[in-house]
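Coordinates in review
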Amino acid sequence: MGALGRGGWAWTCLVVVLLVELAGASHVVYDYEKLLEMEAAKEAVPPSIVDPQLKTGYHFQPIKNWINGNANLPNLLSALVELELAAPLYYKGWYHFFYQYNPKGAVWGNIVWAHSVSRDLINWHALETALEPSIPSDQYGCWSGSATILPDGTPVIMYTGVASPNNYQVQNIAYPKNASDPLLREWVKPSHINPIIVPEGGINATQFRDPTTAWRAAGDGHWRLLIGSVAPTGGTRGGTRGVAYVYRSRDFRRWTRVRRPLHSAPATGMWECPDFYPVSKDGRRVGLETSVMGTRVKHVLKNSLDLRRYDYYTVGVYDRRVERYVPDDPAGDEGESRRMRYDYGNFYASKTFYDPAKRRRILWGWANESDTAADDVAKGWAGIQAIPRTVWLDPSGKQLLQWPIEEVEALRRKSVTLKDRVIKPGQHLEVTGIQTAQADVEVSFEVSSLKGAEPLDPALASDAERLCGAKGADVEGGVGPFGLWVLASANREERTAVFFRVFRAAAGSDKPLMVLMCTDPTKSSLNPDLYRPTFAGFVDTDISDGKISLRSLIDRSVVESFGAGGKTCILSRVYPSLAIGKNARLYVFNNGKAEIKVSRLTAWEMKKPLMNGA
């Protein structure tokens, strides 16, 4: 994938790029005058926005980048980079994180692949650039791709190269110069075989990118991979159809497109950063290598929607004989209400990889900023990685579960625990004894009675985000809202709410009760000009016993929350002006009519890991 177009400076597939507005077009490039305007706008940025204590402590961020080249252009974009997750990989005891990077500034362009390594996915060391434009088929940029381990153990990279000024996209291959080097510090791109895949047969050459990790079928020995694209829907209504094309090869060099796509869906637009992988039907957390198939396996197809700026996935059946994937839910590609998401918040252009060291599948995702472009120029940083998540199939077989990788728990330090504390209607309780600007919180709630659950408005029953906007954290309900106020100020004029609310479902529903999970940052900051959307998703859980759990990772300007053991996840970016550093508070609150019991709450301070030399 190349660039993105929503909100501030951002990563896609995970790229940091300046956006004109909160919902704009991809591939935004800014001229000299525009950059000077942003430099001048820095003077009006509130001091709290540039407070270094808002820069995340334990989420992945790159080393600083400085503009060079134009001697007349001020270094106004220092430390702002273009980042895009390209190819996560485990090799010879090291986790590798390749990401797109603009060494000449923070506007989109000059794309190379930066490279960091880690032993534990938490502490990171920056290495030399892995890939940069050097051959005709990538002379205008090395865009995203994936890594595959060949049968002899050698890793290879497949990536999108831009071969012309008019954005002609092709797929290239790169090999490690020295496969015995566990850090994979040097890569070669054989110019005599690249590009190895070109857009033919009516494919839109400017919308043809992001090759997936390849898989190999034991029966025929062919390698397969997917490339995301878009095709006209046709008919009188027009529109565009998202497409995942299948390519096959015996030698990983000569590739042929299968006549029909693996899968496609109307009215979805360009499918960026496709991901396709197997999961075990038995509901265990054990991950599967990408080539595993069989009767005990389901497949997941994830796509990042360029039009809507979110990721969605389906679970279904892959038939390699006809190269077709069929979702279990025939309506899983249709409309906002039916699409399952990894995360219902600020999370885009994700990618998974199989970790053979711990037999798990790990999900990476990018979160952009939601302040203004001028703010980002002034503070000198933008964009983060979500904490890596283990992902597996729920025992129901209907959806995925996600949970922060276990390694993040090594950052836990001082803790405080509460047990069996009742929160009466309209009351709140402060959690004291630790600093909570950088914390990990796990809490189990128990509702005293579900009889007072309010009826779910049919007009909002299929739109969790609108429902959260209408029934926010301060709107009293029958059961809820109840949850956490995080990054709150002493008098609570600043606070970000992460909460649940229970509704009585409409007649004919599969379940009598519906659980809404919501992050409400509308009161997260006194600073003006911030994008503060509510994010929400329904939680597919049985709450008939009144019990539900929540985990929130708080890291200065990001809140990642996991409801009901990872059934629903929401990441939000916030920028408090008062609740910074030692002034940040944590509360449990209940704005519903039913009493809520905190069966157990444990909160830990989190230390800062090594982060690319910072």
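Everything below is about the structure shown above.
Residues numbered from 1 in each chain as written. Predicted model: local features only at pLDDT ≥ 70, side-chain atom pairs only at ≥ 80, totals over all residues. Heavy atoms only, no water.

Next up on the list: the overall build of the chain. Looking only at helices and strands, one finds 4 helices and 39 strands in the chain. Scored against the burial criterion, the 614 residues of the chain give a buried share of 62%. Sequence-distant contacts, at least 24 apart, represent 65% of the contacts inside the chain between residues at least 6 apart. (Helix = DSSP H or I, 4+ residues; strand = E, 2+ residues; numbered from the N terminus. Buried < 20%, exposed > 50% of the residue type's maximum accessible area, 1.4 Å probe, protein only. Contact = heavy atoms within 4.5 Å.)

Attention now moves to the layout of surface pockets. Taken as a whole, the second largest pocket encloses approximately 400 Å³ of empty space. Going through the elements one at a time, β4 (89-91), β8 (142-149), β18 (271-280) and β22 (348-355) are the ones with two or more residues in the lining of the second largest pocket. (1 Å grid on protein atoms, 1.4 Å probe; cavity = no way out; pocket = protein on both sides within 12 Å on 5 of 7 lines; lining within 4 Å. Points joined across faces, edges and corners; volume = space filled by probe spheres on them.)

Time to look at the side chain of lysine 298. Tracing the sequence through the fold places lysine 298 in strand β19 (residues 297-305). A relative accessible area of 15% places lysine 298 in the buried class. Side chain to side chain, lysine 298 and aspartate 328 meet in a polar contact 2.9 Å long. Excluding its chain neighbours within four sequence positions, the residues that come into contact with lysine 298 are Tyr277, Pro278, Val279, Lys281, Val315, Gly316, Val317, Asp328 and Leu393. (Polar contact = N/O pair within 3.5 Å; in protein donor to acceptor, adjacent residues only side chain to side chain.)

On to the environment of valine 279. If you trace the backbone, valine 279 turns up in strand β18. A relative accessible area of 6% means that valine 279 is categorised as buried. With sequence-adjacent residues up to four places away left out, valine 279 is seen in contact with Leu288, Arg296, Val297, Lys298, Val300, Leu393 and Leu400.

This part is about the environment of serine 350. One can find serine 350 in strand β22. Aside from chain neighbours lying at most four places away, what touches serine 350 is Cys273, Lys302, Ser304, Asp311, Tyr342, Leu363, Trp364 and Gly365.

One pass over the full model with this rule turns up 39 salt bridges. In this structure, aspartate 311 engages lysine 302 in a salt bridge whose closest nitrogen and oxygen atoms are separated by 3.8 Å. Lysine 302 carries the same exposure label as aspartate 311, and that label is buried. A salt bridge links lysine 471 to glutamate 454; the nearest nitrogen and oxygen atoms lie 3.4 Å apart. A residue pair is termed long-range when its members are at least 10 positions apart, and lysine 471 in the loop between α4 (464-470) and β31 (479-488) and glutamate 454 in strand β30 (residues 454-455) qualify at 17 residues. Assessed through its relative accessible area of 13%, glutamate 454 is described here as buried. What emerges from the salt-bridge pattern is a single network uniting Asp220, Arg224, Arg248, Arg320 and Glu323. (Salt bridge = Lys/Arg side-chain N within 4 Å of Asp/Glu carboxyl O.)

Secondary-structure assignment places serine 164 in the loop between β9 (155-162) and β10 (169-176). For serine 164, a relative accessible area of 14% corresponds to the buried category. In terms of polar contacts, serine 164 uses its side chain to reach the backbone amide nitrogen of tyrosine 168, at 3.4 Å.

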